[in-house]
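# Analysis of the macromolecular model
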Amino acid sequence: MVRTPLTPEERLRGERLGRLLREARGARSMVEIAANAGISAETLRKIETGRAPTPAFFTVAALAGALGLSMDDLLIRCAGEPDTAVRLAG
């Protein structure tokens, strides 16, 4: 299966998500958070560095739970422009 290339907006949103997760993780280890979320540390590393800019919904939800973040907050902070957040939520 061939994946369509990501748009610049999708890449930017992935970078925002990675930065937000990294900041929320703080001094906690990548291994600890990944284990709490039920994913591999390598998957978390890829998301945090933007190499996996479109992680699965359930992966993001698990990470949000492990970090004490709400999905609403993630959506708002990662979507960018307010009208984009509304389109993504609707």
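Residues numbered from 1 in each chain as written. Predicted model: local features only at pLDDT ≥ 70, side-chain atom pairs only at ≥ 80, totals over all residues. Heavy atoms only, no water.

## Description of the overall build of the chain
Let me state the cut-off plainly: Numbered from the N terminus, helices here are DSSP runs of H or I no shorter than four residues, and strands are runs of E no shorter than two. Each residue is assigned to one of three classes by its accessible area relative to the maximum for its type, calculated with a 1.4 Å probe on protein chains only: buried under 20%, partly exposed between the two thresholds, exposed over 50%. Whether two residues touch is decided by their heavy atoms; if any such pair falls within 4.5 Å, the residues are in contact. Note on areas: these come from Shrake-Rupley sampling with a 1.4 Å probe, and a residue is covered only by the protein chains present in the view.
In terms of helices and strands, the chain carries six helices and zero strands. Put simply, the chain has 90 residues, and 32% of those count as buried. Pairs at least 24 apart in sequence give 62% of the contacts found in the chain among residues at least 6 apart. Carbon and sulfur atoms make up 57% of the accessible area of the chain, which amounts to about 5700 Å² in all.

## A short note on the packing of helix H1 (residues 8-25) against helix H3 (residues 41-49)
We apply this condition: Axis definition: a line fit to C-alpha positions, over the contact stretch in the case of helices; interaxial angles, taken between N-to-C directions, run 0 to 180 degrees. Should an angle fall under 35 degrees it is called roughly parallel, over 145 degrees roughly antiparallel, and 65 to 115 degrees roughly perpendicular, with every other angle called oblique.
The contact between H1 and H3 brings their axes to 6 Å, and the two run at 120°. The angle between H1 and H3 falls in the class oblique. Of the residues in H3, those touching H1 at Gly 14, Leu 17, Gly 18, Arg 19, Leu 21, Arg 22 and Arg 25 are Leu 44, Ile 47, Glu 48 and Thr 49.

## Looking at helix H4 (residues 57-67)
Keep this limit in mind: Throughout, the arc means the angular range of directions from the helix axis out to the C-beta atoms.
Within H4, burial applies to Thr 59, Val 60, Leu 63, Ala 64, Ala 66 and Leu 67. Each buried residue of H4 lies within a common arc of 165° when the element is viewed along its axis, so the set occupies one face. Turned more than 90 degrees away from the buried face of H4 sit Phe 57, Phe 58 and Gly 65, all of them exposed. Just downstream of H4 lies Gly 68, where phi reads positive at about 75°.

## So, the pattern of salt bridges
For the record, the criterion: For salt bridges, the criterion is a side-chain nitrogen of Lys or Arg within 4 Å of an Asp or Glu carboxyl oxygen.
Under the definition given, this model contains five salt bridges. Of the charged contacts in the structure, one is a salt bridge between Arg 45 and Glu 42, with a shortest N-O distance of 2.8 Å. In this pair, Arg 45 and Glu 42 are both assigned in helix H3, three residues apart and thus about one turn of the helix distant. Bridged by salt links that share partners, the residues Glu 42, Arg 45 and Arg 51 form one connected network.

## Some points on the confidence of the model for the chain
Keep this limit in mind: pLDDT measures how confident the predictor is about each residue, on a scale from 0 to 100.
On average, residues of the chain score 86 in pLDDT, and 88% of them reach the 70 mark or higher. No element of the chain has a lower mean pLDDT than helix H6 (residues 82-89), at 46, and none a higher one than helix H2 (residues 30-37), at 97.

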